[in-house]
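Examining the three-dimensional arrangement
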Amino acid sequence: MTRPILQLVLPALIVSLGTAHTCHQDADSCEFWLRIDHRMTMVKGRIAVFPENGQLYSYDTVNTSAATPMDLSDVITADGWEGYRLVIVANNSLPGPPIEVYEGQTVVVHVKNALTSESVTIHWHGLHQTGTPWMDGVAFVNQCPIHPGSSFTYRFRAKPKGTFWYHSHVGSQRTMGLYGAFIIREKKPMEMKELIAVITDWNHWDSAEVHQQMLYGMYDHRVNLGSTDSLDGSHFSLFRYQSGLINGRLYDGNKHNGAPLHVFNVTAGEQYRFRWIAAGALFPFRISIDEHNLTIIASDGYDLKPKTVESLVINPGERYDFIITTDKPVGNYWVRAITLEVNVNHTAEAILRYDTADNMEPDSSKKACTQDDKCVVANCPFSYYPKEANTVCIRFDEFKALPDDDPAPTAPQEQLQERFINFAFPGRSWYPSSANGRSFVNPPVSAMTQPQELGKYRCGEECTEQTNCHCFGTMDLDHNKVYQIVFLNMGNGKGWAHPIHMHGHSFYVVKMGYGSYNETTGKIIGDNLDIDCRGGKERSMSFCNNATWSNSTWFGGNVPGLELMNPPRKDTIIVPSGGYVVVRIKADNPGTWFVHCHIDLHASDGMALVLNESFPHHPKPPKDFPRCGDFDYKKSNEKIKPNPEKENMKPAEKMISKEQFWVVTGCLLGIIVFLGFIIICMICNKETSKNMLWIKTIKSSLISHYGI
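Cut-offs and rules
Residues numbered from 1 in each chain as written. Predicted model: local features only at pLDDT ≥ 70, side-chain atom pairs only at ≥ 80, totals over all residues. Heavy atoms only, no water. Helix = DSSP H or I, 4+ residues; strand = E, 2+ residues; numbered from the N terminus. Buried < 20%, exposed > 50% of the residue type's maximum accessible area, 1.4 Å probe, protein only. Contact = heavy atoms within 4.5 Å. Areas by Shrake-Rupley, 256 points an atom, 1.4 Å probe, with all protein chains shown as cover. pLDDT = per-residue confidence, 0-100. Pairing = 2+ DSSP bridges. Axes fitted to C-alpha atoms, helices over the stretch in contact; angles between N-to-C directions. Polar contact = N/O pair within 3.5 Å; in protein donor to acceptor, adjacent residues only side chain to side chain. Phe/Tyr/Trp six-rings, centres within 6.5 Å; stacked < 30°, edge-to-face > 60°. Lys NZ or Arg CZ within 6 Å of the ring centre and 35° of its normal. Core = buried A, V, L, I, M, F, W, Y, C linked by side-chain atoms within 4.5 Å. Disulfide = S-S within 2.5 Å.

Attention shifts here to the overall build of the protein. Looking only at helices and strands, the protein has 5 helices and 48 strands in total. For the protein, the proportion of its 708 residues judged to be buried stands at 54%. Partitioning the contacts of the protein with sequence separation of at least 6, the portion at a separation of at least 24 is 76%. Split by element, the accessible area of the protein, about 32100 Å² in all, is 53% carbon and sulfur.

Rendered as structure tokens:
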């Protein structure tokens, strides 16, 4: 694995194992270049390599103890699998190079698609793109895809400050490795050293294969692999986890393949700010560092009142910033990322290494959670761990925003707009993915820049309370109105937790409602009853496409327990199975904004919709912005009625010779000269007539007066 995954940032120096893209604090504009290519893992130049004891060796090495390890630079190791996986990467690195800028700067990124057979776009995850909605990077929502061999220049303002990232937004292409950190800093001295980490689940299949496996099943040598379950009894979709990358290692049971791990180098007696980015396709990870507590200070770019925990759960699309204090004995400590699956041990690892510590793997242990000293976990997608785990959950709705001057937007009761969106799999249990029963289908045009061509692709009357339809699903938002949107996960299509990401906004999380759980086992036993799924059926049978509050007095902003003064802000939030999340936004950012589950497989299959915000105020795209769409030869040629005689002419007959050209041209010039001569004569004749009339007038006057 090439090493832009981490960089150690000092006040005036950036020390990185990869090539970071940074911008000077005083610059007004920052310019970067990303080249998107296919690469193979575990190959250095044209030489295959293999891992052993944390090192890489040439494929033909027989005795590693007597051989010199190969330099890790320019090798994408991923998990060290010797099957040589095909990846899609930016600037030959996995993850792509970190981009670091300062708040308010203009960012210009030139993207060259050097792939031979795939289109691509780049989404700037978490940035609002105020005034530049056509730069949000969602294929067919904000722009046309960048075709193989083509280039596209993104230009936008860097705001707000915080931890963000960039990634492909075409199909399931992100699972191939096209992602990287995007950090926006405040223009002030840094308070402490920083470390960046990107975590993802990983396997050895192409993105198209991953998508097909989710839909039609996973099999290996005539064995149906099936899916796994979460601690609360909810499910995970079909994704064959083979490793987790911080870097990573390929595990077979408890035995690993010896691939090199990433090392976070630290100095004793200091504080470090970790910026964690979850780039995964499916699984949430529980992050911890042996013998070090984590003090959470921000999520998705927005500051939180600090909470100190043993570990935190991070879902695909989320970012968390936390501080550690390096006050332990000098040594090596495991950095652990463990999925929330049961009956399997899926772990990603890295090393926290103090200066002067030996270059060796840690022998540290994870904290033992006891009844007297329970472990505290932040951002649980459920209410309880099993009782015997001696673990306490802090749900995200227990966090508060750090600033006291950023309350949730409000409106008079009669003007507050309220919407419900159910993210689920109504119909046949796990299929299809949908939002309010509408499985999102991309149009063939760019919705933001070609809205007049969307008509026939929009959802229509066929989408009802108890049906599922496939169409371009939208929700219209009126300019400057306040919207209270309820994300829910209920009805007969529940059973999977969904990290919902909203483009164009960082919403205010004002309330979360979880399902009912068994406090001993931690298993979910029922939906939250605050929501009425309607649909004329029992809750377990309803698609929940037209949900509402069970208590009608809750409308107009009267929901009990709303946190309006210090609500935390997010752009990606977990919606638990059987539960809901209440968020607020003000529709003051005109554009088309994608809202979707950030589990790659769910979004690709249709769990999404588009907010059509403030349509009359949509800004015009740049001149010559690319267009796309279908081509119908028959319709195109109906407008042109061909001339059979002309069509049957030979090419030479459709042309004229040079002699014919000059003859025609000479005749035309002669006609023009002749006409000019006639006009001049007419003018002269008119003037002569005027002169004769004047002479006659004088002569008559003389005769009358003098008798001449």
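Moving on from the coordinates now.
Detailed reading of the predicted coordinates is not advisable wherever pLDDT falls low. Across the protein, the average pLDDT comes to 87, with 87% of residues at or above 70. Across residues 1–18 the pLDDT falls below 50, and counting only partners more than four positions away or on other chains, this stretch makes 71 contacts in the model.

Glancing now at the sheet that holds strand β4 (residues 29–40). Taken in spatial order, the 4 strands make up an open sheet running β8-β4-β10-β12, and their pairing is mixed. A single partner strand is all that each edge strand has here, and the edge strands are β8 (86–90) and β12 (151–157). Strand-to-strand twist of the sheet, defined as the mean angle between neighbouring strand axes without regard to direction, takes the value 15 degrees. The pairing of β4 with β8 spans 5 bridges and is classified as antiparallel. Pairing of M40 across the sheet is with L86, part of β8.

Right, let's get into the sheet that holds strand β9 (residues 99–102). Taken together, the 5 strands give an open sheet; going across it, the order is β3-β9-β14-β13-β11, and neighbouring strands pair in mixed fashion. With one partner strand each, in any of the chains shown, β3 (21–22) and β11 (122–125) form the two edges of the open sheet. Bridge count between β3 and β9: 2 bridges; the pairing is parallel. The residue of β9 that forms the bridge with H21 is I99.

On to helix α1 (residues 207–216). All of the buried residues in α1 are S207, V210, H211, Q213, M214 and L215. Among the structural elements, α2 (600–604) are those in contact with the buried residues of α1. Structurally, the start of α1 carries an N-cap: the backbone nitrogen of A208 is 2.8 Å from a side-chain oxygen of D206. Backbone geometry just downstream of α1 places G217 in the positive-phi region, at approximately 110 degrees.

Further remarks concern the packing of aromatic side chains. Going through the model one piece at a time under the given rule, you end up with 29 aromatic pairs. Ring centres 5.5 Å apart and planes at 55 degrees place the aromatic pair Y333 and Y354 in the tilted group. In this pair, Y333 is assigned in strand β28 (residues 332–339) and Y354 in strand β29 (residues 347–354), connecting sequence segments 21 residues apart. Residue class for Y333 comes out buried when judged on its relative accessible area of 5%. Counting every residue linked through ring pairs, the aromatic cluster contains W124, F152, Y154, F156, Y166, F182 and F625. Here the basic side chain of R85 rests over the ring of W202, its NZ or CZ set 4.3 Å away from the ring centre. Here K570 stacks its cationic end above the ring of F396, 5.0 Å away from the centre of that ring.

Moving on to the nonpolar core. Ranked by internal contacts, the top residues of the largest apolar core, which has 80 residues, are W276, L352 and F487. Within the second largest apolar cluster, 32 residues are counted, among which are L127, W134, Y154 and M176.

With that settled, the discussion passes to the side chain of T106. In this fold, T106 is placed in strand β10 (residues 106–113). For T106, the side chain forms a polar contact with the side chain of R157, separated by 3.1 Å.

As a further point, take the state of the cysteines. Under the counting rule described, the total for this entry stands at 7 disulfides. For C23, the disulfide goes to C30, at an S-S distance of 1.8 Å. Sign of the S-S torsion, about -75 degrees for the bond between C23 and C30, identifies this disulfide as left-handed. Pair check on accessibility: C23 and C30 agree, each one buried.

Further remarks concern unusual backbone geometry. Peptide bonds are mostly trans, and most non-glycine residues show a negative phi. At the junction of L94 and P95, the peptide bond is cis and its omega measures out at -10 degrees in the coordinates. Residues K159 and P160 are joined by a peptide bond in cis, for which omega reads 0 degrees. Examined against the element boundaries, P160 turns out to sit in the loop between β12 and β13 (162–168). One non-glycine residue with positive phi stands out, namely F140, at about 70 degrees. As for its position among the elements, F140 is in the loop between β11 and β12. The phi dihedral of D624 falls on the positive side, at around 65 degrees, and the residue is not glycine. Tracing the chain through its elements places D624 in the loop between β48 (608–613) and α3 (633–638).

Every regular strand shows the same layout, with side chains that alternate between the two sheet faces. With 6 of its 8 residues buried, β10 lies for the most part within the structure. Here β4 runs beside β10; their pairing, made up of 8 bridges, is parallel. Among the inter-strand pairings, C30 is bridged to a residue of β10, identified as V107. Strand direction decides the pairing type here: β10 and β12, joined by 7 bridges, are antiparallel. From the neighbouring strand, T106 faces β12, where its bridge partner is R157.

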